[in-house]
Amino acid sequence: MRAAERRGGSRTAPGVRLIALALAGAGLVGVTTPTASALGAGSAGAAAAGEQQPGNGPEGFGRGPYRGDVDVRALNEALKGVVEIGGASSSLARVTEYGRTVWKGAQGVGDFSTGAEPSANGRFRIASVTKTFVATVVLQLVGEGRFRLDDSVESLLPGAVPGGGSITVRQLLDHTSGLFDYTEDQAIGLDHEAWLREGRWRSWTARQLLAVANSHPPYSAPGTGWHYANTNYLLAGMIVDRVTGHDWRQEVERRVVRPLGLTGTSMPVHATGIRGPHAHTYLDLPGGPVDVTEMEPSEMDAAGVGISTTADLATFLRALLDGRLLSAPLLAEMLTVAPASGGAQYGLGISRLTTPCGEVWGNNGSTGRGHNSALYGTPDGRRQVAVSTNGYRNTGQGWKTSQKLLATAFCDGRPATAPTG
């Protein structure tokens, strides 16, 4: 679940390109769409469903770097560009301000077989945005004194990984452990056609995935470099299991999903479909489009198995950044960027993006099979932008169209820049 990832894992690219690829699915497979008109069907009606509410929020609303209103027409056009220019089969997005939806929209085709429009309220695979949920639970356990961020993996999961005595929980969460990313193994990082034949319905356990990772040498010694690795969050989920005596999914449900009323959010074990309204996801192969909405999700585990909605994601991020889920000291730990992460600007399960109108925090991801997501918000919890994009054609314009959408949502159309710091 990171942009440019293969399957449930990550192939890393720094800075804003991560956001761009996640939003538009650039770099996936590209041939042609069924027809140009098919991708345009229903687009105008879906965009028109975008809603705007008056900018009458708390004192200060509309002041400072983030305005208290949005340009609905510009947002609709930017989202339309992700589909028509960027090559997505469908995309949906939402902007919230002080917990209220100020705009939402959907573009493209939700189902090639019927021509149905996608729903702006639909569910989708969130990929690596799952990591932010998992990191939140891990930090809550730290706050309860169950373990410390600088405790070793060996002390919590004896014998789980070679050299675990030198790897800390913090290094798992900020990707400085040096551990090999199991999704880069050839048995898992399959090309699309091989995946359709051999991997789509394969079921994995966390221990099996960890064994794949352990069969490879580490990228670097712990704490000496940064490499995005889904293995880190596989282990984070296992630590939650071990410490609480419950599956990590249960802890996410108990600690985050239920308290926040996230009725469209789930962390499936082996369920292959997406319950409720959702747009279909396709791979564009030489023989024609293949619907890959359904897939065995266990390979992604705590690194990216989640399903959610833009409304739920916005609610979650607002609660996280305004201090309702973590104490101030723990939130500060989460938002401390690992120096080694460079342009990725990665903290603990969350990353920083610098825009002309200020810094935003969040995460993004991709299953590598067309499902892409992005979630970013202002550090004060004021504005959130959540996006789901089903990448389809590789037009070479995904980066530009996705950048425009994000910039329009946060900066009234001024282009976002690469992270600094």
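For the structure itself, look to the data block above.
Residues numbered from 1 in each chain as written. Predicted model: local features only at pLDDT ≥ 70, side-chain atom pairs only at ≥ 80, totals over all residues. Heavy atoms only, no water.

Another point: the packing of aromatic side chains. All told, the structure shown has seven aromatic pairs when counted by the stated rule. An aromatic cluster of at least three residues, connected via ring pairs, comprises Phe112, Tyr282 and Tyr392. (Phe/Tyr/Trp six-rings, centres within 6.5 Å; stacked < 30°, edge-to-face > 60°.)

Below, the discussion takes up helix 4 (residues 72-84). The end-to-end C-alpha separation of helix 4 is 18 Å, in line with the 18 Å expected for 13 residues at 1.5 Å each. Inspection of helix 4 places Val72, Leu75, Asn76, Ala78, Leu79, Gly81, Val82 and Val83 among the buried residues, and these make up the whole buried set. Sitting at the amino-terminal end of helix 4 is Asp71, which places a side-chain oxygen 3.3 Å from the backbone nitrogen of Arg73. (Helix = DSSP H or I, 4+ residues; strand = E, 2+ residues; numbered from the N terminus. Expected span 1.5 Å × (residues − 1). Buried < 20%, exposed > 50% of the residue type's maximum accessible area, 1.4 Å probe, protein only. Polar contact = N/O pair within 3.5 Å; in protein donor to acceptor, adjacent residues only side chain to side chain.)

Looking now at the state of the cysteines. Working definition of a disulfide: a covalent bond connecting the sulfur atoms of two cysteines. Across all of its chains, the model carries one disulfide by this definition. Residue pairing for Cys357: its cysteine sulfur links by disulfide to Cys411, the two sulfurs lying 2.2 Å apart. Between Cys357 and Cys411 the sulfur-sulfur dihedral comes to about -65°; the bridge is accordingly left-handed. One end of the pair, Cys357, is in the loop between strand 7 (351-355) and strand 8 (358-366); the other, Cys411, is in helix 15 (residues 398-411), and 54 residues separate them in sequence. (Disulfide = S-S within 2.5 Å.)

In this section: unusual backbone geometry. Positive phi, close to 65°, is recorded for His175, a residue that is not glycine. Relative to the helices and strands, His175 resides in the loop between helix 7 (169-173) and helix 8 (192-199). Assessed through its relative accessible area of 0%, His175 is described here as buried. Its identity is not glycine, yet Gln345 carries a phi of approximately 50°, on the positive side.

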